[in-house]
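Architecture at a glance
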Amino acid sequence: MDTSTSHTNSSSLHISQFILMGLPGIHKWQHWLSLPLALLYLLALAANLLIFITIQREPTLHEPMYHFLGILALVDIGLATTIMPKIMAIFWFDAKVISLPECFAQMYVIHCFFGMESGIFLCMAVDRYIAICHPLRYPSIVTDAFVVKVTGFMGLRNCLLTIPVPVLAAQRLYCSKNEIDHCLCSNLGVISLACDDITVNKFYQLFLAWILVGSDMALVFSSYALILRTVLRLNSAEAMFKALSTCSSHLILILFFYSGIIVLSVTHLVEEKIPLIPVLLNVLHNVIPPALNPMVYALRMGELRLGFQRLLGWVKNCPSTSEVTSAL
């Protein structure tokens with residue numbers, strides 16, 4: 001009995017790395033998914049970088065709404081870059097090994113960027129709420145200082161509240177089993193390997209989901225409900241259409257982002273029967289929104305489209321503000 005216990009403690013102390021097995025159930029041919037995932041990643045990098053540079057270089061885009069969009073582009077780049085290089089290394093070079101510190105660091109950064117994306121969507125919803133429901137007060141409320149303060153608050157909120165996730169995971173006792181049926185270090189995937197009680201970890205994961213994503217989602221949809229109520233009270237059909245068009249691109253991406261979270265939560269209920277589905281959806285949810293966001297904004301925002309064209313040299317004459325407004 002003592003020998004067995006000693007052997008267990010010895011093996012747990014010597015576990016210094018995890019093995020990311022990739023997509024469960026399709027390990028032999030998962031490399032075929034590397035090409036579409038790599039293309040999505042390159043598209044996300046190029047498109048978001050283009051958005052950020054365009055917003056920085058175009059004077060007409062130096063407005064709070066576009067500043068939030070630029071911050072969202074940086075968050076999307078960070079989120080995709082946190083996971084995709086390792087996933088490509090697993091698929092292409094069979095580089096499945098990841099050290100415990102690297103795994104916990106990846107876990108922390110993913111949670112930070114994920115919460116930051118949710119927070120920026122909330123900031124954008126509040127920006128549109130003030131612009132439409134309180135247009136006369138908008139210039140005095142939503143200033144550059146306001147953008148800096150709320151972005152700093154969101155960053156601080158996410159960085160501080162997500163610290164216990166990797167800390168609690170690092171405190172667990174990991175036995176000889178170190179293979180994770182995932183492409184990344186998800187919190188639930190890692191702590192499922194622990195030999196001791198993980199109730200606290202699961203509770204804090206649930207608490208974090210409700211505090212960060214849950215509260216953000218409730219406030220976002222409350223803001224758009226108030227916006228819709230204000231828009232429906234407008235007497236002019238043209239004013240109503242213009243107000244809705246300024247929010248449509250935000251609303252499309254917000255619905256996609258939060259509906260993806262809901263689908264992920266539901267699929268975890270069938271993880272034991274079909275483990276591939278939640279893992280694959282988790283990976284896709286971290287790479288598709290960063291690739292999708294720039295395309296939706298480019299298609300829906302005339303002023304941003306013109307900024308792209310001027311940056312790429314397709315349009316040499318800068319249109320006036322009235323022309324841009326009419327284009328929207």
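Coordinates for the structure precede this section.
All figures in this text were calculated on a predicted structure; none of them were measured in a lab. (Residues numbered from 1 in each chain as written. Predicted model: local features only at pLDDT ≥ 70, side-chain atom pairs only at ≥ 80, totals over all residues. Heavy atoms only, no water.)

A word on the state of the cysteines. Under the counting rule described, the total for this entry stands at 2 disulfides. The disulfide partner of cysteine 103 is cysteine 185, and the gap between their sulfur atoms is 2.1 Å. Since a negative S-S torsion denotes a left-handed disulfide, the cysteine 103-cysteine 185 link at about -125° is left-handed. Within this pair, whereas cysteine 103 is found in helix 4 (residues 100-133), its partner cysteine 185 is found in the loop between strand 3 (179-180) and helix 8 (187-191), the two being separated by 82 residues in sequence. For the chain, the bonded cysteines pair up as 1-3, 2-4 when numbered in the order they occur along the sequence. Free cysteine cysteine 133: the closest other cysteine sulfur is in cysteine 247, separated by 8.6 Å. For the unlinked cysteine cysteine 159, the closest cysteine sulfur is that of cysteine 112, found at 4.3 Å. According to the relative accessible area criterion, cysteine 159 is partly exposed, its value standing at 34%. (Disulfide = S-S within 2.5 Å. Helix = DSSP H or I, 4+ residues; strand = E, 2+ residues; numbered from the N terminus. Buried < 20%, exposed > 50% of the residue type's maximum accessible area, 1.4 Å probe, protein only.)

Turning next to the nonpolar core. Counting residues in hydrophobic clusters, the biggest one holds 82 residues, and the most contacted among them are Phe18, Leu69, Ile87, Tyr174, Val190 and Leu304. Look past the residues within four positions of leucine 304 in its chain and what remains in contact with it is Thr54, Ile55, Leu61, Tyr66, Leu69, Tyr297 and Ala298. (Core = buried A, V, L, I, M, F, W, Y, C linked by side-chain atoms within 4.5 Å. Contact = heavy atoms within 4.5 Å.)

Now for unusual backbone geometry. Across the chain, the bulk of peptide bonds are trans and the bulk of non-glycine residues have phi less than zero. The backbone phi angle of aspartate 94 is positive, close to 55°, even though this residue is not glycine. Residue placement: aspartate 94 occurs in the loop between helix 3 (64-93) and strand 2 (97-99). Relative accessible area serves as the criterion here: at 52%, aspartate 94 is assigned to the exposed category.

This next bit is on the pattern of salt bridges. Following the criterion strictly, the structure yields 5 salt bridges and no others. A salt bridge links arginine 128 to aspartate 127, with the nearest nitrogen and oxygen atoms 2.8 Å apart. Each of the two residues, arginine 128 as well as aspartate 127, counts as buried. Across the salt bridge formed by arginine 157 and aspartate 216, the nearest N and O atoms sit 3.0 Å from each other. Of this pair, arginine 157 sits in helix 6 (residues 144-161) while aspartate 216 sits in helix 9 (residues 199-232); the two residues are 59 residues apart in sequence, bridging distant segments of the chain. (Salt bridge = Lys/Arg side-chain N within 4 Å of Asp/Glu carboxyl O.)

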